[in-house]
Amino acid sequence: MNIGRNDLCHCGSGKKYKKCCLSKDEEAVRQDAANPRAPIPLRLISPDRDCSHRSGDGDCSHVPPDATFIPVSEPDPYFEAWEKRWEKFEAADYEEQIALFTQTLNDLPSPLTPALVSGIDDEMAFRMLNELFYQTIEHDERDRFDSLTEILRERDPQGYQENAYFILAWRITNALVSGRYDLAAALIRKLAPIAHRAFEIWNQVRERMAYYGQLPALVEAMRLSWPSIRDSNEIKPLAISDYRGGCVHTETLNYLEEGGEPRLEDPAFLERLRFYMDDDENFDYAQQTLWIDCLTGRNNHHWTSDDFKIELHIQPQRNDEETFKTLLASEPNYGLLHLSELTARFIHYLHKEEGTSYVKAELARDEIYTRLVAMFRINELDKNSRGLRRRPK
């Protein structure tokens with residue numbers, strides 16, 4: 001039985017072979033090469049957990065008939081070539097690096113990695129492309145980087161898919177910087193359905209799209225991403241809840257950019273928000289109305305310092321699920337709510353007085369809000385630590 005680097009490991013751990021026993025198997029090959037035995041010992045690439053089947057006399061009756069034996073008396077030249085290729089790549093100049101990337105793609109794969117179709121695996125593809133992304137920026141050849149990723153996609157579709165979220169994020173950045181907004185929109189539509197696989201990268205891409213004012217494309221992409229993010233077991237519930245709120249805010253901002261007057265009484269606007277609600281009984285329609293009033297300048301509340309008394313009861317021993325349930329059951333933190341409303345009014349000011357787009361104003365608002373909350377959190381931690389240091393008299 002053949003096993004690829006991305007297949008499940010033969011030891012039964014449930015991990016990929018490359019993340020589990022590959023290095024150990026390679027080391028065994030090297031040790032056997034340094035201390036050859038006669039007859040030539042054989043190593044089995046098999047899910048069989050019994051490792052006692054090293055034999056040169058063919059007495060392996062307990063081994064599956066379709067098992068594949070490989071000689072362990074010689075190191076695998078392909079893996080050694082990979083290591084040397086990477087060392088050469090790191091030491092090479094710009095043009096040489098591009099040539100080495102192309103050459104590695106055209107090399108034949110190792111017999112130990114029959115799942116590969118070229119001399120490059122997904123890890124080496126990422127390492128090389130990550131370096132080339134920044135090199136092509138320095139040489140003002142972003143299009144050349146895009147061409148290299150297309151060569152990878154055509155030559156090795158599986159290797160491309162393993163790194164698709166990185167590659168698409170790199171190319172979206174290139175498209176935005178170059179003013180090719182239609183291309184950026186097309187690429188983010190491809191990235192959205194797999195956003196749950198690389199949530200942090202996805203959030204960075206969303207911010208870039210917002211910064212460059214590509215709100216309609218961003219709204220479409222967030223809708224495409226929502227089902228997989230909502231149902232993900234890898235993303236924490238608090239992060240999913242925050243993402244839902246971000247989607248609702250983005251829909252609201254887009255409605256404003258289109259010239260609409262968002263009100264929850266408006267069926268067309270409410271239908272946009274309901275896409276993310278999933279009949280969520282915890283959605284606070286009253287708070288959403290207040291938020292919209294702040295965005296549109298309908299809220300003229302006069303604040304006092306007492307409105308911003310923020311208490312963050314930090315309990316680091318709680319896990320995310322417990323924290324989420326506690327937040328849903330607890331009384332609202334009015335200080336944080338008022339801070340959110342005040343920063344929403346800042347969006348209205350930036351748009352009306354400074355001519356800033358709603359989506360760029362939201363980026364500024366979010367940064368201000370996050371920094372202020374972080375300051376309150378640091379103060380709370382400091383206050384708690386001082387309390388712990390007090391000694392009874």
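Rules of the game
Residues numbered from 1 in each chain as written. Predicted model: local features only at pLDDT ≥ 70, side-chain atom pairs only at ≥ 80, totals over all residues. Heavy atoms only, no water. Core = buried A, V, L, I, M, F, W, Y, C linked by side-chain atoms within 4.5 Å. Buried < 20%, exposed > 50% of the residue type's maximum accessible area, 1.4 Å probe, protein only. Helix = DSSP H or I, 4+ residues; strand = E, 2+ residues; numbered from the N terminus. Contact = heavy atoms within 4.5 Å. Salt bridge = Lys/Arg side-chain N within 4 Å of Asp/Glu carboxyl O.

Counting 82 residues, the largest nonpolar core has Phe101, Trp202 and Met209 as its most contacted members. Tallying contributions element by element places helix α7 (residues 164-177) first for this core, with nine residues. When neighbours within four sequence positions are excluded, methionine 209 is seen to be in contact with Ile172, Leu176, Ala184, Ile188, Gln214, Ala217 and Leu218.

All told, the structure shown has 17 salt bridges when counted by the stated rule. In this structure, glutamate 251 and arginine 223 form a salt bridge, with 2.7 Å as the shortest nitrogen-oxygen distance. Pair noted here: glutamate 251 is in helix α11 (residues 237-257) and arginine 223 is in helix α10 (residues 215-230), with a separation of 28 residues, a long-range link. On the basis of relative accessibility, which here comes to 26%, the residue arginine 223 falls in the partly exposed class. A salt bridge links aspartate 366 to arginine 365; the shortest N-O distance between them is 3.7 Å.

Attention now goes to the side chain of asparagine 254. Within the secondary structure layout, asparagine 254 lies in helix α11. If near-sequence neighbours (up to four positions away) are discounted, asparagine 254 is found in contact with Leu215, Pro216, Val219 and Arg272.

Any functional reading would require information beyond the geometric quantities listed.
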